[in-house]
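# Structure at a glance
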Amino acid sequence: MSYMKSLKCRECGKDYAKEALHVCELCFGPLEVSYEYDKIKKILSRDVITARRPNMWRYKELLPLDNEPSVGGEVGFTPLVRAKNLEKALGVKELYIKNDAVNFPTLSFKDRVVSVAVSRAREMGFTTMACASTGNLANSVAANSAACGMPSYVFIPYDLEQTKILGTLVYGSNVVSIKGTYDEVNRLCSEIAGKYGWAFVNINIRPYYAEGSKTFGYEIAEQLGWKLPKNIVVPMAGGSLITKIWKAFKEFHTLGLLDGGLDTKVYGAQATGCAPIVTAVKEGTELIRPVRPNTIAKSLAIGNPADGYYSAKVMRETGGWGEDVSDDEIIDSMKLLAETEGIFAETAGGVTLGVTRKLIDQKRIPKDESIVVCITGNGLKTQEALNGKIVQPVVINAKLAEFDDLVRTEKRYAVKA
Ligand SMILES: *Cc1c(COP(=O)(O)O)cnc(C)c1O
Ligand SMILES: [Zn+2]
């Protein structure tokens, strides 16, 4: 049973059949999946959801498939952690980490969008998966395609982290490394998609893919006890996740699943070395000026973001804001999260926490309101960012006397009372 109605143009409202389309032929606006909310409201209650298994398909009526998913059955329902130590460090009252660094199977939030995209592509009869990726999408497309026996082609900029390249190749994916930025990779992939007829998850089937991000928002609301946070800070690359979290909150509100109102302020986070959306928000303009990325936060390095305009709109409409942080601030926040909460996030996580700290300092986020920080990827995948930034262990021989010496002479090994 599917409640997916049509693909609808976000600009002019024209309806399209549920096919592999992504732009409106009349106005070139992006297409978005629409649903029969009146029917969903009659069957989807808190009890129905909580009786289901803890994965993202517990919200399946709000996802764009005609049938049950054919891959990624265990994706999602990652922890929402109350971050007591981090609260103390930042002087705030109520802070949570939504931790997709431990999402199944490839340790980033991209497993949500990819399991939807691959399942939908198979429903539509595609036999080859593909993507243009900044790293995490590559991992997830390769893994999920392998899991359902489909070949995949993954296109990446040549300067990605080694672990992200390895973590794509291992699944037997056809990886093509392009001499260029992500935006150049993306442009090439649009041409390839047209010519080869493959399902590019984030290009020709983007409307379905993007819906998977909503589950990140549904889970936060459910895990907070069917309430929304007052503030949420979201990392932005193409700007899809932030708009879909907001769509998720609005849908839960429409369906009457929430206690309290729809009064979350949504904040967007980028690295200073690639901040086209944040810049537009700060300058109060609707125009997103493309940039050439230069940052260690490679997973967020999209200089010409597809959903930049709509993300800026979400920040504006909810009373949120956008901020950016330098590479040094990113590393500092990766360390702070690890040392206070025992969570090793990738560079994107450093961006999000760094921006959260900045917004608290600026008093844009009040210290006594609830805050959710969205952690979207795992630190083990971006280890080179920490090269030379972490103290190395002292090497000694396996002799007690040498250890005694160390404790006596090296301050950081001193035994604490
Ligand atoms: C892709 C990605 C994002 C943001 O994705 P968009 O939806 O394109 O804004 C955030 N964090 C990580 C780790 C990612 O890989
Ligand atoms: Zn249109």
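Figured I'd write up the structure that's included with this text. Positions within a chain are numbered from 1, following the residues in the order the chain's sequence is written. In the order they appear in the text, chains get letters beginning with A and ligands get numbers beginning with 1. Thresholds applied to this predicted model are a pLDDT of at least 70 for local features of residues and 80 or more for the giving and counting of side-chain atom pairs; totals over whole chains, interfaces and linings are not thresholded and use all residues. Water and hydrogen atoms were dropped before computing side-chain values, which therefore reflect all heavy atoms in the structure.

Only nitrogen, oxygen and sulfur atoms qualify as donors, and only when within 2.8 Å of the metal (3.2 Å in the case of Na, K and Ca); with water excluded, sites may look incomplete. Donor atoms from the polypeptide that coordinate the zinc ion (ligand 2) comprise Cys-9 (SG), Cys-12 (SG), Cys-24 (SG) and Cys-27 (SG), at 2.2 to 2.3 Å from the metal. Taken together, the four donor atoms coordinating the zinc ion (ligand 2) and their angles of 97 to 120 degrees define a geometry best described as tetrahedral. Cys-12 sits in the partly exposed class, given a relative accessible area of 41%. Geometry is assigned from the angles between donors: four donors with all angles from 85 to 135 degrees make a tetrahedral site, four or six donors whose opposite pairs exceed 155 degrees while the rest stay between 65 and 115 make square planar or octahedral sites respectively, and everything else is labelled irregular. We call a residue buried when its accessible area falls under 20% of the maximum for its residue type, exposed when it is over 50%, and partly exposed in between, using a 1.4 Å probe and counting protein chains only.

Whenever Lys or Arg places a side-chain nitrogen within 4 Å of a carboxyl oxygen from Asp or Glu, that contact is recorded as a salt bridge. Per the counting criterion, the structure on display carries 33 salt bridges. With a shortest N-O distance of 2.7 Å, Asp-324 and Lys-282 are connected by a salt bridge. Of this pair, Asp-324 sits in strand β12 (residues 322–325) while Lys-282 sits in helix α11 (residues 276–283), and the two are 42 residues apart along the sequence. For Lys-282, a relative accessible area of 36% gives the class partly exposed. A network of salt bridges, in which partner residues are shared, links Arg-10, Glu-32, Glu-211, Lys-214, Lys-244, Lys-247 and Glu-251. Put simply, DSSP marks the helices as runs of H or I at least four residues long and the strands as runs of E at least two long, and each gets a number from the N terminus on.

The nearness test applies per residue and asks whether one of its heavy atoms lies within 4 Å of the molecule or strand. Near ligand 1, the surroundings consist of 15 residues, among which Lys-110, Gly-238, Gly-239, Leu-241 and Thr-376 are the closest. Think of a polar contact as two N or O atoms within 3.5 Å of one another; within protein, one of them needs to be a possible hydrogen donor and the other a possible acceptor, and neighboring residues in sequence only count if both atoms come from side chains. Leu-241 is positioned such that a nitrogen or oxygen atom in its backbone is 2.8 Å from an oxygen atom of ligand 1. Only the protein chains shown count as cover for residues, and the accessible areas themselves come from Shrake-Rupley with a 1.4 Å probe. Burial of ligand 1 by the protein amounts to 97% of the accessible area it has alone, namely 390 Å². When residues are sorted by character, Ala, Val, Leu, Ile, Met, Phe, Trp, Tyr, Cys and Pro go into the nonpolar class, Asp, Glu, Lys and Arg into the charged class, and all the rest, Gly among them, into the polar class. Taken together, the residues of the shell around ligand 1 break down into seven nonpolar, six polar and two charged.

This paragraph deals with the pairing of strand β13 (residues 370–375). Of all six residues in β13, six are buried; the element is thus mostly enclosed. By the alternation rule, side chains of β13 split into Ser-370, Val-372 and Cys-374 and Ile-371, Val-373 and Ile-375, which are all buried. If DSSP finds at least two bridges between two strands, the strands pair. The sheet contact formed by strand β5 (residues 94–99) and β13 spans six bridges and is parallel. Within β13, the residue paired with Tyr-96 across the bridge is Val-372. The pairing of strand β10 (residues 231–235) with β13 spans three bridges and is parallel. Across the sheet, Asn-231 pairs through a bridge with Ile-371, a residue of β13.

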